Amino acid sequence: MNIQENISLKPLNTFGFDKNAKFFTNADTVENLKNALTWASQNKQEVLILGGGSNVLLTRDFEGLVVKIELKGIELIREDEKHIWVKVGAGEVWHDWVIYAIENNWAGIENLSLIPGTVGASPMQNIGAYGVEIKDVFESLEALNRNTLELETFSHEDCSFGYRESVFKQKFKDKYTICSVTFRLNKTPQFHVDYGAIQDVLKEKGVKELSIKAVSDAVIEIRNSKLPNPKEIGNAGSFFKNPTISQSQFTELQSSFPEIPGYPNEQGIKVAAGWLIEQAGWKGKRFGEVGVHAKQALVLVNYGNGDGAEIKILSEKVRQSVKEKFGIELQPEVNFI
Ligand code: FAD
Ligand code: EPU
């Protein structure tokens, strides 16, 4: 275990904010992870677990130990006629794993192409896009209990997955470090191509016979057309979650805003936060080095030399104005540090 001091986290968060870690280490084995956590507790240091840094907002230097998860490996566990079970190390890059699965003809995660970050963070908020969430292909995970330093297995049920939610963001926040995730993928694809945008791209490309590669390529094209590439403009994807409101509130809003996009779910109507933010006048607005993306109002951006604290202030203003205009309280998706 190699503990470094005063390390810049700028290359390790996709917003690109230049905040420091007082102490920093990589964990490429479970043993190293245990040693790092032991060192932190002996030295009374707070711990921040970091994957790809694509869903964190660093508003300050971290006065403790940052542990970057580098646990690697892709292992075929078992298969039957229909399915294949694969255990993937938490430090594997999510999109590389998606491409690996597609190359092996394992179906189920092609709609989740190009989501930044690591496999270990994927269950944290039950990542999702274009009609698929990881809960749809999740079998189990292994996580290190940060108190006992024992590895524990979590079943699907144990994780309490919801929209951008899991037990690791709620009851077990900061209590476990995910070390590997086991996925159950399909040998025969079940395509999820209901999204209009996917249909449009497939048509435009003249795709006659669906394949998981064709779906992945379509998703990549759509994402590249509206989401800023963090290598070019700092961001963490959607800054807020899409809120769910009651049917009666939705009907009332429709009388003033007939265009409001809403999608029924079990709890009520899910409303597009990007639309609310655009209607509140924020889309494309720039304030010095930070702003609201011109092609997707749900994405807050750092043009290069911004500060996490400025994004925090901007996000509060956006939230306040959406509340005033629509009476809807937006909740951040991004994890504030
Ligand atoms: P980090 O940002 O490093 O960490 C996120 C949180 O998880 C932190 O609280 C961290 O402490 C914790 N954490 C990380 N790894 C572990 C671990 N092994 N064990 C325990 N805790 C851990 N998300 C979607 O769901 N759908 C999208 O379509 C999507 N699109 C995006 C597009 C862009 C351009 C960007 C920048 C982000 C997007 N995101 C999307 C958000 C982000 O990619 C995901 O949340 C991703 O899973 C974060 O992974 P990470 O490794 O970067 O996590
Ligand atoms: N919209 C606007 N203005 C905008 C942005 C969006 O009017 O500036 C409208 C669109 O016209 C559309 C609706 O809002 O009617 C939805 O937009 P989009 O399809 O772009 O998806 P989203 O709801 O903004 C969600 C996820 C994304 C995910 C996509 C695709 C959340 C918080 N975000 O975005 O996830 O990739 O759907 O499934 O659920 C992320 O979590 O970081 C993320 C990028």
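Here, the structure is the one placed above.
Residues numbered from 1 in each chain as written. Chains lettered and ligands numbered in written order. Predicted model: local features only at pLDDT ≥ 70, side-chain atom pairs only at ≥ 80, totals over all residues. Heavy atoms only, no water.

Q: Can you help me understand the sheet that holds strand 6 (residues 74–79) in this one?
A: Think of a sheet as strands paired side by side through backbone hydrogen bonds, with each pair either parallel or antiparallel. Taken together, five strands build an open sheet; the order of strands is 6-7-12-10-11 and the sheet is antiparallel. The two strands at the open ends of the sheet, each matched to only one other strand, are strand 6 and strand 11 (151–155). Going from strand to strand, the sheet's axes swing by 20 degrees on average, the running direction of each strand aside. In this sheet, strand 12 (residues 176–186) lies alongside strand 10 (residues 138–145) in antiparallel orientation, the contact comprising seven bridges. In the sheet register, Leu141 faces strand 12, and the bridge partner there is Val181. Along the sheet, helix 1 (residues 30–42) contacts strand 10 and strand 12; its crossing angle with strand 10, the most-contacted strand, is approximately 40 degrees. Here helix 2 (residues 94–103) sits on the sheet in contact with strand 6, strand 7 (83–89) and strand 12, set at roughly 25 degrees to strand 12. (Pairing = 2+ DSSP bridges. Helix = DSSP H or I, 4+ residues; strand = E, 2+ residues; numbered from the N terminus. Axes fitted to C-alpha atoms, helices over the stretch in contact; angles between N-to-C directions. Contact = heavy atoms within 4.5 Å.)

Q: Help me out: how do you make sense of the site of ligand 2 in this one?
A: Surrounding ligand 2, one finds 22 residues, the nearest of these being Tyr130, Tyr163, Glu278, Gln296 and Glu333. At 2.7 Å, a side-chain N or O of Tyr163 approaches an oxygen atom of ligand 2. Within the side chain of Arg223, a nitrogen or oxygen atom sits 3.4 Å from an oxygen atom of ligand 2. About the coverage of ligand 2: the protein hides 80% of its 820 Å² of free accessible area. When residues of the shell around ligand 2 are traced back to their parent elements, those giving at least two are helix 4 (212–226), strand 13 (234–238) and helix 6 (273–279). (Near = heavy atom within 4 Å. Polar contact = N/O pair within 3.5 Å; in protein donor to acceptor, adjacent residues only side chain to side chain. Areas by Shrake-Rupley, 256 points an atom, 1.4 Å probe, with all protein chains shown as cover.)

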